[in-house]
Amino acid sequence: MTTTAVQPAAAPPAPAVEPAPPPPPAGFPDAFRLLRPYRSRMLLAGALGLTATALTAVQPLIVANAVDSFAGSVSAASVTALLALLIGGAVLTALQQLVLQRTGERFAFDTRARLIRHIYRVRIGVLDRNDRGDLAARLTGDVSHTQSILSSGLVELATSLVMVVASVVLMALIDGVLLALAVSVICVVVAALYAIGRRTRPAGLRSQNALGDLGGTFTKALGSMRTIRATVSTAHEADRATGKAATVLEAGYAIAGLRAVLQTFTGVALQLLLISVVAVGAIRVAAGSLTVGQLSAFLMYLLLIAAPIAQFGSLLSMMATAFGSLTRILAVENMPAETDDADVAVTSGIPGTPTFALDEVSFRYPGRTDADPAEGAPALRDVTVAFAEGRTTAVVGPSGAGKSTLFGLLERFYEPTSGTIRFRGDDVRRLPRDYLRGQIAYVEQDAPALPGTIRDNLLLGARAASDQECAAALLRVNLAPTAAAAEMFLDTQVGEDGTLLSGGERQRLAIARALLAESPVLLLDEVTSNLDSNNEKVVQDIIHAKSGAQSIIVIAHRLSTVVAADSIVVLDGGRVVAQGTHTELLTASPLYRELAHNQLLD
Ligand SMILES: Nc1ncnc2c1ncn2[C@@H]1O[C@H](COP(=O)(O)OP(=O)(O)OP(=O)(O)O)[C@@H](O)[C@H]1O
C-alpha cells in the first residue's frame, strides 16, 4: 500500500445513472463489429465454401457435355470427373461446417464471458431496475440464438450468393433468353422475400423480450414460492406466469405466420419458374436454338440456385430472431458499469480523521424523479455526520428513514446526488472501489448466502483463511458447539439463496464471514433482527470485543444493541435529526425517546 495521502480535492460530479433509452434494433453493422475477431476463421470457412461451390458449379457443364456427346454410353472420364467433383465438394462442405460450428461455439463463449464480466460490474442502481431472470435469459438463450445465425448464417448467405452469381453467369453463357426469364422471376421472389423478411424483425425482438419477461417472472416466483403458497396465490401467480408464456406464443404465432407466407411464396414461385423454364426451353430446343444437354445444364443450375433462394426466406426469418437477441445483448453491454476515475489512488488516509465523514450528502435512487412526488423524495437529504475511528456508532430510525441507503453509499453501491463522503479524510471518489470495499466488512440486512458450502461463503471475505480459522469464526458466532463440529459444518451446502439455513443461521454466517475478513470497518445492518436472545448476546459480545480495534457502524432495531454504542445517529425521512449517546438522546430527541420506549422495534 502506498502512503501518499490524497488531499481532499474537488471531486468530479456523481455520474448520472438515469435509465438509458432503449437501444435501436441491432443491424448488420453491429453484427460485423462483433464478428470482427473471428474474421480469419470466417474467411477460411468462406474460402472452403466457395471452393465447394466452384466444384458444384462445374458439374452441370460436364453433364451437358456428356448428354450432347452421348453415343450409346457415357465416357469414363466424365463419370470419374463427376465423382471426383462430388466427393471433393462434400469433403470441403464438411470442413466448412466444422469451422463454422466451432467458430459459432467460440463466439458464444466469448460473448457470454464478456457479458458475465460486464454484468458483475454493472452499477447496482442499474441492476436494481433490471429483471434478474431476463438478464439470465440474455446470457443463455439470446447468445445461442445469435451464435448460429451470425456465424454460420452470414457465411452461408455469402457463399449462397456467390453460388447464385456464378450460376447466373454460367446460365447466361448457355442461353440469354432463358436467363432473362429466370432472373425476372427470381428478382420478384427476392424482393418479396426481403419485404416480408423485414417485417419479421420486430416480431423477433418481441418474441425474445417476451421470453426474457417470462424467465424473469418465473425466477422471481421460484424465489418466493413459500410466500406464494402461504398466501394461497398459487393459481393466481401460475396464471400470471402463463400469461407471460402466452405473450411468447403470440409473438411466435406472428413469426410462424410470416414464415409460412415466406416459405409458401418461395415454393410456389420456384415451381412456376421451373415449369416456365422447361416450357420455354423445350420450345427453344425444338427451334434448334438450344441443345438438350444445354437445357439439362441450365435446369441443373436453376436447381442449384433454387435451394439458396428458398433458404433465403427462412434465413431471413431466423435472422429476425438473431437480431432481436443481438439487440438485447447489446443493451446489456451498454449498461453503465462501475469504473474508477483515472486518478484514483490507494492511500493510508489522513491521520486523526473520522473513518467516514459525510458532508451535506443527499441521495435519490436512480430512476426516481420529482415527477413522482410520492416515490421521488430523496432517500437521504443533507446528511452531515462523522463516524469516529475505532468507535461503535449505532444508526437508528423508523422504517424507510434511509439507514440501509446510508450503508449503500458508504460501500459506493451508489453515488451521492450531492455532497461528499470521505473515508479517513479522502474523498471516496478518489479511492479505488475495490480498495475501499476491502476496508469494510459488510453484513447485509437479509444476509444472503451464495450457493455452495458454508466454507465457500466464509472464504468470500478472506480467501486465504484456513479451515481452522473458518471453524473458529463459526464457533464465535455460535454456529457450532465444538471446533470439531464446526470443521464438519464447513462442508454443509447452504442451498440456493441459503434456503437450507434458518434466517438466524444466515445472519450468524454473514457475521462469521465479516469476522474472518478482519477489515478495519464493520458495517452491520440489523444483524440481530433474526436472532434469539442468546445469539443476540453472542453478537453483542462480538461487537463489544471488536470495539476500539474496529470502527463499527451498526443499524439496529434492538435497544440492547444501541445503548452500548459510543454514539447514536437518529435518522428520520432521510435526515439526521439527532446524534449523541443513549442518555443524551433520551432527553434531546423526542423521536429517539419514542423509539427507545418501543424498544426501537417498529
Ligand atoms: N433500490 C431502491 N430503489 C429505489 N428506492 C429505494 C431502494 N431501496 C430503498 N429505497 C427507498 O429509499 C428509502 C429509504 O430506504 P432504506 O432501505 O434506506 O430505509 P431503512 O431506514 O433502511 O428502512 P428499514 O428499516 O425498513 O430497512 C425508502 O423510501 C425506500 O423505499
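Residues numbered from 1 in each chain as written. Predicted model: local features only at pLDDT ≥ 70, side-chain atom pairs only at ≥ 80, totals over all residues.

A. A look at the sheet that holds strand E5 (residues 426-427). If you walk across this open sheet you meet the four strands as E2-E1-E4-E5, and the pairing is antiparallel. Edge positions in the open sheet fall to strand E2 (380-387) and E5, since each of these has one partner strand only. As paired elements, strand E1 (residues 356-363) and E2 share five bridges and run antiparallel to each other. Bridge pairing in E2 links alanine 357 to alanine 386. Together, E1, E2 and strand E4 (418-423) form the strand contacts of helix H10 (residues 403-410), whose direction differs from that of E1 by roughly 115°. (Pairing = 2+ DSSP bridges. Helix = DSSP H or I, 4+ residues; strand = E, 2+ residues; numbered from the N terminus. Contact = placed C-beta atoms within 7 Å. Axes fitted to C-alpha atoms, helices over the stretch in contact; angles between N-to-C directions.)

B. Local environment of the UniProt feature "transmembrane region" (unreviewed entry) in the protein chain. As recorded in UniProt, the feature "transmembrane region" (unreviewed entry) lies at residues 42-62, 74-95, 154-173, 179-197, 268-287 and 299-326. Helix makes up 100% of residues 42-62 and strand 0%, and the two end C-alpha atoms of the span are 31 Å apart. Note that residues 268-287 is 95% helix and 0% strand, and that its end C-alpha atoms are spaced 29 Å apart. (UniProt positions renumbered as here; feature names shortened; annotations may be inferred.)

C. Local environment of the pairing of strand E9 (residues 567-572). The element E9 is largely enclosed, with a buried count of five among its six residues. With four bridges connecting them, strand E3 (residues 392-396) and E9 associate as parallel partners. Each residue of the ladder has a partner; that of alanine 394, found in E9, is isoleucine 568. Bridging between E9 and strand E10 (residues 575-580) involves five bridges; their strand directions are antiparallel. Its bridge partner being in E10, aspartate 572 is matched across the sheet by arginine 575. Hairpin connection from E9 to E10: two residues lie between these consecutive antiparallel strands, with glycine 573 at a positive phi of about 55°. (Buried ≥ 20, exposed ≤ 12 C-beta atoms within 10 Å, placed from the backbone.)

D. Molecular detail of the environment of proline 366. With respect to the helices, strands and loops of the structure, proline 366 is situated in the loop between E1 and E2. For proline 366, a count of 20 C-beta atoms within 10 Å corresponds to the buried category. When the C-alpha positions of proline 366 and tyrosine 253 are compared, they lie 37 Å apart, and in sequence the two are 113 residues distant.

E. Representation of the site of the ligand. Of all residues adjacent to the ligand, which total 12 residues, the nearest are Tyr365, Ser399, Lys403, Ser404 and Thr405. Looking at which element gives the most residues to the shell around the ligand, the answer is H10, with three residues. Among the residues making up the shell around the ligand, the classes are represented as three nonpolar, six polar and three charged. (Near = placed C-beta within 6 Å. Nonpolar A, V, L, I, M, F, W, Y, C, P; charged D, E, K, R; others polar.)

F. Representation of the domain arrangement of the protein chain within the structure. Domain boundaries in the protein chain define domain 1 (28-333), domain 2 (349-402 + 526-594) and domain 3 (446-519). Spacing between the C-alpha centres of domain 2 and domain 3 amounts to 26 Å. Between domain 2 and domain 3, the residue contacts involve eight residues of the former and nine residues of the latter. A breakdown of the residues in the side of domain 2 that touches domain 3 according to their chemical character gives five nonpolar, two polar and one charged. (Domains from an automatic or database assignment.)

G. The arrangement of the packing of helix H13 (residues 467-476) against helix H15 (residues 503-517) in detail. Contact geometry for H13 and H15: axes closest at 9 Å, N-to-C directions at 130°. With respect to each other, H13 and H15 are oriented oblique. The chirality of how H13 crosses H15 is right-handed. When H13 is examined against H15, the residues Glu469, Cys470, Ala473, Leu474 and Arg476 are found in contact with a partner set consisting of Ala512, Leu515 and Leu516. Of the residues that constitute the contact of H13 with H15, the class distribution is six nonpolar, no polar and two charged. (Parallel < 35°, antiparallel > 145°, perpendicular 65-115°, else oblique. Left-handed = near helix turned anticlockwise from the far one by under 90°.)

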